[in-house]
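# Residue-level structure breakdown
Here are the chains, one letter per residue:
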Amino acid sequence: MNILKTIKKVGWIIQKYFLTLMSMIRTNIRDYGMFIALFVIFITFSFMTDWIFLGAINFTNLLNQTAYVSVLAVGMTLVIVTRQIDLSVGYIGAFLGAYVVVGVENLGQPVWLALLGALVITVIVGAGKGILVAKIKVPAFVVTLAGMFIFKGLLMFRTNNRTIPTTHSFFKNLGIGYLPTFDVGGYDLITIVIGGLGILLLIFGGINTRRKNQKLNIPNEKLELFITKTVVMTLILGYLIYTFASFRGISYLLLVTVVVVVIYHFMTTKTTLGRRIYAVGGNPDAAELSGISVEKILVIVFISMGILALISGVMYASRLQNTSPNHGPFWELYAIAAAFIGGTSAAGGVGKVINAVIGSVVIMSLKNGMALAGVDANLEPIILGSVLLLAVIFDIFTRNVRPIDYVGIHYAKQKFGDELRSAQEAFRQAKINLRKAKKEDLDDVIEYEYAFTNAQGELNKIKDKIRVAKEEDFVKK
Amino acid sequence: MKQDDLLVMKSITKTFPGVKALDEVNINVKRGEIHFIVGENGAGKSTLMKVLSGIYPHGTYSGDIIFDGEIKHFHNIKQSVSDGIVIINQELALFPNLTVYENIFVGHEISKAKIMDWDKTKKEAVKYLNMVGLDVDIHRMVGSLGVGKQQLIEIAKALSQNVKLLILDEPTAALNENDSENLLELLVELKKQGITSIMISHKLKEVEAIADSLTVLRDGKTIVRIEREDINEQEIIRNMVGREIEDIFPKRPPYEVGDVVLETVHLNAFDHHVNRYIVNDANIKLRKGEVVGLAGLMGAGRTELAHCIFGNPDNYKLSGRIIVHGKGVEMHHPNDAIKQGIAYVSEDRKQDGLILNETISQNITISDLKKISKSGVIDFFKQNQYAEQYVKDIDIRTPSILQDVKNLSGGNQQKVQVAKWLFADPKILILDEPTRGIDVGAKYEIYTIINDLVAQGMSILIISSELPEILGMCDRIYVIAEGLQTAEFDIKDATPEKIMESATV
């Protein structure tokens, strides 16, 4: 008897854990929707390709392919957050890549000098765009559309309309090189150590924040959510480490991407500059009256976009081991799509750089996965467009999600179950009566209308009571 | 149901997830009367009107709407309009870049075989404009007219749709005293022509002036229906808040006037956009521990004057001097003003004040990020501690400091705005229409906060279009009319009549 009770108790604890978890995910569906989508895409392609898709070689390759879009998407997120757009970054990136490659290969400049020159150019161009948009108030769409044409021309000039291969070791290392490895039993120890440290940081950092919040009486996220999140993140990181360690370690492209993302994540979430950028996007008038210079913030955002375009362009040229007048088209559109798939709001003030990177991975997974699975290449843009549209529709539908507490609903269903059933029965009966009365055209048909609406009201009341039930209401009693 | 009832709403219940907005609400409106619905913000007035007009379609609420002797099931606004129920919202539903006559007939155009009959349209437009007593060129763009005139155009539009029941949701909230009076007179005039109206209002003076009857709502419930002969202000307030408010304005202990902290000397501001001086020779003084009021009609240039003092964000061309703490200062950006210890709580909290989709704690701390950060990195624990402190200190009612500001009521949003500026440690606080659109209870709390701040030595400049507020809260009053400073009163000498006289020069 006792054993049965214990089993029941343990069962309820597990059920409650999952109900709480589901409540949290359902309530914050906007934040998790994309991760779920990515998961579905990964699993689908894995089945279609006999797990080659998620295998070490292809997965490493996928992330290397994604690198240049990710970096652009990070900058584009901030541009869109501040209610602007930048169409010029594709050709600016390609031009800057060409500038560096031609400088090194044809003009014999040292790499640092070519990079410095490109940096100076992009900062000036970014500042120019920012000033035109913020101060002279030319719409960003027009400014950057013009920039797109101009830099396409400059790219053709710089490359002399020829494809120029790279020979310098810098491009080779960056584009197709990997961090030094230390092989132990077929696995790279360095990757494992770095990854292990990352996992430890994740776990202990999380626990530390919770402790400090508790001490200062600041609300924490639910324990169930924290545990699940940490476990899932550890598994994902674990898988990534395993993949990289069993192939060739960590590529420089991935390293650069991670560094960029970490810096921007930190900047947007933890610094005053980040706070100001989001304030300007959320409400420019309020920001200006709060003492924030909107002009300055916009200039900074466009310069940052330019610098990331430089990094992206050099990465792309390095990975392909050449620069060409054909580079550049669609880069900015992939970046914009990635930002939107990542939940950035076109209305401004909302968007996370990490989610934009996930958005880039979604896009590149579609390209990579479909090629690998042997799907007709013409289908790819159609599917990408549909995914983009679905992501934004999803975002709009989930804009005003109310908190839901399944544990509370569970309790409430137990408590109000009988009431609900009798109200449902009464409503059904009233509906039948009304229909009958209408058919027979009774004189007092309005009385049946009353009875019907009243029964409907009673049912709605109980349904509402159950829908909004909170766990606390029941635990106290 | 009695024969002379035009509208009966019977035990209307409407729930949103988590909130019961209306709970068994009953109202009835007699034919040919002006019926007021009063209640604090969040009492359910607007929700009730949305149920009535079909914005919340039949089936999403329970209870019955009986209009003109029939049970109505409105599924959208079009159906209620075709039955003669027209609602005019606070946010006017006009097209600023269409002309007056186009606006009046949008949606029910006068046409022959789908081709617009412009001659008839214009003739009809003039007819309805005459009915509402508006003399305006019908070819003008509606956007170029003032709010008062736009409101009259809305009413003309309603009349052109054979309205039987006209519903006005806080029609005078954005109007000055003159326009408000005109509007009230018009309603009485329309009553004589047999048009029944329902009016939602915060202003009890209006209720006393023209109401035939009223219903008080509180927390989504019907509290009482009061007939013409029993209407008095105290009684209404008692029913609205569910408690006696002895005085609308809290008492302030006698203050000690200190040194002049802010002074403008011959301050002029020229606005390129309208090509005229919007501030003309302003000479105002603000002393330590003093509350000074800027009275005047809407659009008189009071907000513009405040903007000039607050770092001139609109880039007016300024001449004259602004003297802060005895020193002339040049301010080119609100940031400079904040450095001088000046804070400005804007009149439109949603447009210029708050970042609605960010949390309370983010909104409060945005005014001084240095205080919560070290070399550019934000300390979240510090941020949330400060926020907690302000939420407690000025009693912002919210489940959590991590709540998004858009989910708060108007009064609490206003408190967040005030907290945001207190966080910047100002010496001079400019409050622009601090109690617009918030209910009686929250107003009292804002006034208490003002008194506390002044007692701590802050100086406060209040811009307000509500004369009782100016007279109840200020020590000294400047009156502004069309950019000109027309009068200065000590509170002892000020009367509503004198102020109105100076404001309408």
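Residues numbered from 1 in each chain as written. Chains lettered and ligands numbered in written order. Predicted model: local features only at pLDDT ≥ 70, side-chain atom pairs only at ≥ 80, totals over all residues.

### Some points on the overall build of chain B
Per the secondary structure count, chain B includes 17 helices and 25 strands. Scaling as 2.2 N^0.38, a compact globule of 505 residues should have a C-alpha radius of gyration of about 23 Å, and chain B matches this with 24 Å. Across its three principal axes, chain B shows a C-alpha extent of roughly 70 × 50 × 45 Å. Taking all 505 residues of chain B together, 46% fall into the buried category. For chain B, long-range pairs separated by at least 24 residues make up 68% of all intrachain contacts whose partners lie at least 6 apart in sequence. (Helix = DSSP H or I, 4+ residues; strand = E, 2+ residues; numbered from the N terminus. Rg over C-alpha atoms; globule rule 2.2 N^0.38 Å. Buried ≥ 20, exposed ≤ 12 C-beta atoms within 10 Å, placed from the backbone. Contact = placed C-beta atoms within 7 Å.)

### Re the overall build of chain A
Helices and strands together make up the secondary structure of chain A, namely 19 helices and 4 strands. Oriented by its inertia axes, the alpha-carbon framework of chain A measures out at about 95 × 60 × 55 Å. Sequence-distant contacts, at least 24 apart, represent 79% of the contacts inside chain A between residues at least 6 apart.

### So, the domain arrangement of chain A
Assigned domains within chain A: domain 1 (20-177 + 251-397), domain 2 (182-250) and domain 3 (406-476). The distance between the C-alpha centroids of domain 2 of chain A and domain 3 of chain A comes to 49 Å. (Domains from an automatic or database assignment.)

### Some remarks on the environment of B:Ser367
Mapped onto the elements, B:Ser367 comes out in the loop between helix H12 (360-365) and strand S20 (373-374). In this structure the C-alpha to C-alpha distance between B:Ser367 and B:Asn335, which are 32 residues apart in sequence, comes to 9.5 Å. When residues no more than four places from it in sequence are discounted, the contact partners of B:Ser367 are A:Ser290, A:Gly291, B:Lys420, B:Trp421, B:Phe423 and B:Ala424.

### As for the sheet that holds strand S6 (residues 85-88) of chain B
All names here are of chain B. With respect to topology, 6 strands assemble into an open sheet ordered S6-S9-S10-S3-S11-S12, the strand pairing being mixed. Single-partner strands in this sheet number two, and they are S6 and strand S12 (221-227). Adjacent strand axes in the sheet meet at a mean angle of 15°, parallel and antiparallel pairs treated alike. This element, helix H8 (residues 233-241), spans strand S3 (34-38), strand S11 (213-218) and S12 of the sheet and lies at about 30° to S11. (Pairing = 2+ DSSP bridges. Axes fitted to C-alpha atoms, helices over the stretch in contact; angles between N-to-C directions.)

### A closer look at the domain arrangement of chain B
Accessible area lost upon the coming together of the parts is a frequently used measure of interface size. All names here are of chain B. What the domain assignment lists for chain B is domain 1 (5-241), domain 2 (247-341 + 427-505) and domain 3 (349-425). For domain 2 versus domain 3, the distance between C-alpha centres works out to 24 Å. For the side of domain 2 that touches domain 3, the per-class residue count stands at 7 nonpolar, 1 polar and 2 charged. (Nonpolar A, V, L, I, M, F, W, Y, C, P; charged D, E, K, R; others polar.)

### Side note on the interface of chain B and chain A
Contacts between the two partners involve 35 residues from chain B and, on the opposite side, 33 residues from chain A. Elements that contribute at least two residues to the side of chain B that touches chain A include exactly strand S1 (5-16), strand S4 (62-67), helix H10 (334-339), helix H11 (349-353), strand S21 (377-378) and helix H13 (380-393) of chain B. Residue composition of the side of chain B that touches chain A, grouped by class: 15 nonpolar, 17 polar and 3 charged.

### Some details on the pairing of strand S16 (residues 291-295) of chain B
Residues and elements named next belong to chain B. Among the 5 residues of S16, 5 are classified as buried, and the element is accordingly described as predominantly covered. Here 4 bridges tie S16 to strand S23 (residues 459-463), and the two strands are oriented parallel to one another. Bridge pairing in S23 places Val291 opposite Ile460. Looking at chain direction, S16 and strand S24 (residues 476-481) are connected through 4 bridges and run parallel. Bridge pairing links Leu294 to Tyr478 in S24.

### Focus on H13(B)
Residues and elements named next belong to chain B. Its 14 residues place the ends of H13 20 Å apart at the C-alpha level, agreeing with the 20 Å of an ideal helix rising 1.5 Å per residue. Looking only at H13, the buried set comprises Gln383, Asn384, Ala387, Tyr390 and Val391. Buried residues of H13, viewed axially, fall in a sector of 125°; they line one side. Contacts made by the buried residues of H13 are with H12, S21 and helix H14 (410-422). Immediately downstream of H13, the backbone of Asp395 shows phi near 60°, a positive value. (Expected span 1.5 Å × (residues − 1). Arc of directions from axis to C-beta.)

### Regarding unusual backbone geometry
In this structure, A:Asp50 takes a positive phi of about 55° despite not being glycine. Within the secondary structure layout, A:Asp50 lies in the loop between helix H2 (29-48) and helix H3 (56-81). In the Ramachandran plot, B:Ser375 falls in the positive-phi region, its phi being about 35° despite a non-glycine side chain. Relative to the helices and strands, B:Ser375 resides in the loop between S20 and S21.

### Concerning the packing of helix H14 (residues 331-341) of chain A against helix H15 (residues 353-372) of chain A
Residue and element names in this part refer to chain A. The geometry of H14 relative to H15 is characterised by a closest axis approach of 7 Å and an angle of 115° between their N-to-C directions. With respect to the hand of their crossing, H14 and H15 are arranged in right-handed fashion. The segment H14 lies against H15, with Tyr334, Ala337, Ala338, Ala339 and Ile341 engaging Ala356, Gly359, Ser360, Val362 and Ile363. Class assignment for the residues of the contact of H14 with H15 results in 8 nonpolar, 2 polar and no charged. (Left-handed = near helix turned anticlockwise from the far one by under 90°.)

### What about the environment of A:Lys436?
Residues and elements named next belong to chain A. In this structure, Lys436 sits in helix H17 (residues 406-440). Under the C-beta neighbour-count criterion, Lys436 is labelled exposed, with 11 such atoms within 10 Å. When the C-alpha atoms of Lys436 and Ser293 are compared, they prove to be 69 Å apart, with 143 residues separating the residues in sequence.

### A short note on the confidence of the model for chain B
Scored by pLDDT, chain B has a mean of 86; 97% of the residues are at 70 or more. This complex was scored by the predictor with a pTM of 0.77 and an ipTM of 0.72. (pLDDT = per-residue confidence, 0-100.)

### Re the environment of B:Asn312
One can find B:Asn312 in the loop between helix H9 (302-309) and strand S17 (317-324). Dropping the residues within four chain positions of it, B:Asn312 is found in contact with B:His307, B:Leu318, B:Met331 and B:His332.

### Quick look at the nonpolar core
In terms of nonpolar packing, the biggest core is built from 174 residues, with A:Leu72, A:Ala73, A:Met315, A:Ala335, A:Ala338, B:Ile430 and B:Ile460 touching the most fellow members. Considering each element in turn, this core owes the most residues, 16 residues, to helix H13 (residues 294-320) of chain A. Beyond its immediate chain neighbours, meaning those up to four positions away, A:Ala338 contacts A:Val69, A:Ala73, A:Ala356, A:Gly359, A:Ser360 and A:Ile363. Core analysis: the next-biggest nonpolar cluster, separate from the first, contains 69 residues, B:Ile34, B:Leu159, B:Leu175 and B:Leu204 among them. (Core = buried A, V, L, I, M, F, W, Y, C linked by C-beta atoms within 7 Å.)

### Description of the packing of helix H5 (residues 111-134) of chain A against H13(A)
Relative orientation and spacing of two packed helices are given, respectively, by the angle between their axes and the distance between those axes. Residue and element names in this part refer to chain A. Their axes nearest at 7 Å, the elements H5 and H13 cross at an angle of 145°. Crossing handedness for the pair H5 and H13: right-handed. Mapping the contact onto sequence places Ala118, Leu119, Thr122, Val123, Val125, Gly126, Ala127, Lys129, Gly130, Ile131, Val133 and Ala134 in H5 and Val294, Glu295, Leu298, Val299, Phe302, Ile303, Met305, Gly306, Ile307, Ala309 and Leu310 in H13.

### A few points about H15(A)
Residues and elements named next belong to chain A. Helix length check: H15 (20 residues) gives 28 Å between terminal C-alpha atoms against 28 Å at 1.5 Å per residue, within 8%. Summarising burial for H15: 14 of the 20 residues are buried, a large majority. Where H15 terminates, the next one or two residues include Gly374, which has phi positive at roughly 75°.

### Comments concerning the pairing of S24(B)
Residue and element names in this part refer to chain B. Burial analysis of S24 places 5 of its 6 residues in the buried class, which makes it a mostly covered element. Two strands pair when backbone bridges link them, and S24 and strand S25 (residues 484-490) are joined in this way by 6 bridges, in the antiparallel orientation. Each bridged residue has a counterpart across the sheet, and for Ala481 the counterpart in S25 is Leu484. Counting the residues between successive antiparallel strands, the hairpin from S24 to S25 contains 2 residues, one of them, Glu482, with a positive phi of roughly 45°.

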